[in-house]
Amino acid sequence: MTRISRKLRRWTSEVLDLPQDVLYDMPRLTLIGSKQLYIENHRGVIHFTPDRIVLALSQGQLEIKGSALVIRNILPDEVAIEGTILDIHMNGVEGNG
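Residues numbered from 1 in each chain as written. Predicted model: local features only at pLDDT ≥ 70, side-chain atom pairs only at ≥ 80, totals over all residues. Heavy atoms only, no water.

Per an unreviewed UniProt entry, the recorded name for the protein is Sporulation protein YqfC, and the organism is Paenibacillus amylolyticus.

Enquirer: Can you help me understand the side chain of His42 in this one?
Expert: Tracing the backbone shows His42 in the loop between β2 (36-40) and β3 (45-49). For His42, a relative accessible area of 2% puts it in the buried group. At 2.9 Å, the side chain of His42 and the backbone nitrogen of Gly44 are in polar contact. Among the polar contacts made by the side chain of His42, one reaches the main-chain carbonyl oxygen of Leu75 at a distance of 3.2 Å. (Helix = DSSP H or I, 4+ residues; strand = E, 2+ residues; numbered from the N terminus. Buried < 20%, exposed > 50% of the residue type's maximum accessible area, 1.4 Å probe, protein only. Polar contact = N/O pair within 3.5 Å; in protein donor to acceptor, adjacent residues only side chain to side chain.)

Enquirer: Honestly, the environment of Val70 in this entry has me stumped. Any pointers?
Expert: When you line up the elements, Val70 lands in strand β5 (residues 61-74). Along the chain, Val70 and Glu82 lie 12 residues apart, while their C-alpha atoms are 5.4 Å from each other.

Enquirer: It is not clear to me how the nonpolar core should be interpreted in this structure. Could you clarify?
Expert: Side chains that are nonpolar tend, in soluble globular proteins, to be buried together. Counting 11 residues, the largest nonpolar core consists of Leu37, Ile39, Ile53, Leu55, Leu57, Leu62, Ile64, Leu69, Val79, Ile81 and Ile85. Broken down by secondary-structure element, the contributors of at least two residues to this core are β2, β4 (52-56), β5 and β6 (78-91). Not counting the four nearest positions on each side in its chain, Leu69 is found in contact with Phe48, Thr49, Pro50, Asp51, Arg52, Ile53, Ile64, Ile81, Glu82, Gly83, Thr84 and Ile85. (Core = buried A, V, L, I, M, F, W, Y, C linked by side-chain atoms within 4.5 Å. Contact = heavy atoms within 4.5 Å.)

Enquirer: Where do I start with the pattern of salt bridges in this structure?
Expert: Side-chain pairs of opposite charge can arise where the charged atoms are in close proximity. All chains considered together, the criterion is met by three salt bridges. Lys65 is the partner of Glu63 in a salt bridge, and the nearest nitrogen-oxygen pair spans 3.9 Å. Between Arg72 and Glu82 there is a salt bridge, and its shortest N-O distance comes to 2.8 Å. Of this pair, Arg72 sits in strand β5 while Glu82 sits in strand β6; the two residues are 10 residues apart in sequence, bridging distant segments of the chain. Assessed through its relative accessible area of 24%, Glu82 is described here as partly exposed. Each member of the salt-bridge network shares a partner with another, and the members are Arg52, Glu63 and Lys65. (Salt bridge = Lys/Arg side-chain N within 4 Å of Asp/Glu carboxyl O.)

Enquirer: Help me understand the sheet that holds β4 in this model?
Expert: Sheet strands line up and pair through hydrogen bonds in the backbone, either parallel or antiparallel. In space, the six strands of this open sheet follow the order β1-β2-β6-β5-β4-β3, with antiparallel pairing throughout. Looking along the sheet, the strands with just one partner apiece sit at the ends: β1 (28-32) and β3. Taking each pair of neighbouring strands and ignoring which way they run, the sheet shows an average axis angle of 40°. With five bridges joining them, β2 and β6 adopt antiparallel strand pairing. The partner of Tyr38 across the bridge, within β6, is Ala80. (Pairing = 2+ DSSP bridges. Axes fitted to C-alpha atoms, helices over the stretch in contact; angles between N-to-C directions.)

Written out as structure tokens, the structure is:
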């Protein structure tokens, strides 16, 4: 991303009061305890087992580790995961700020 593009996105975010996850196409994660995880702005499921789920992101991947993991709901850009969530890791994601 060019320097001008970063400045324009930052200015747009400040002036229009847009959330950065929308502006930068970043995932938004909502963790409820260690039992439920909601992810917005994903690009699909890469790997799924009861112990590990890997989701594609616009930049990189999101890896969720735990036990008895299930996908409760999946939409084109949103997924709900339940089970015992032990670890959440983002791979290959660059900072945009």
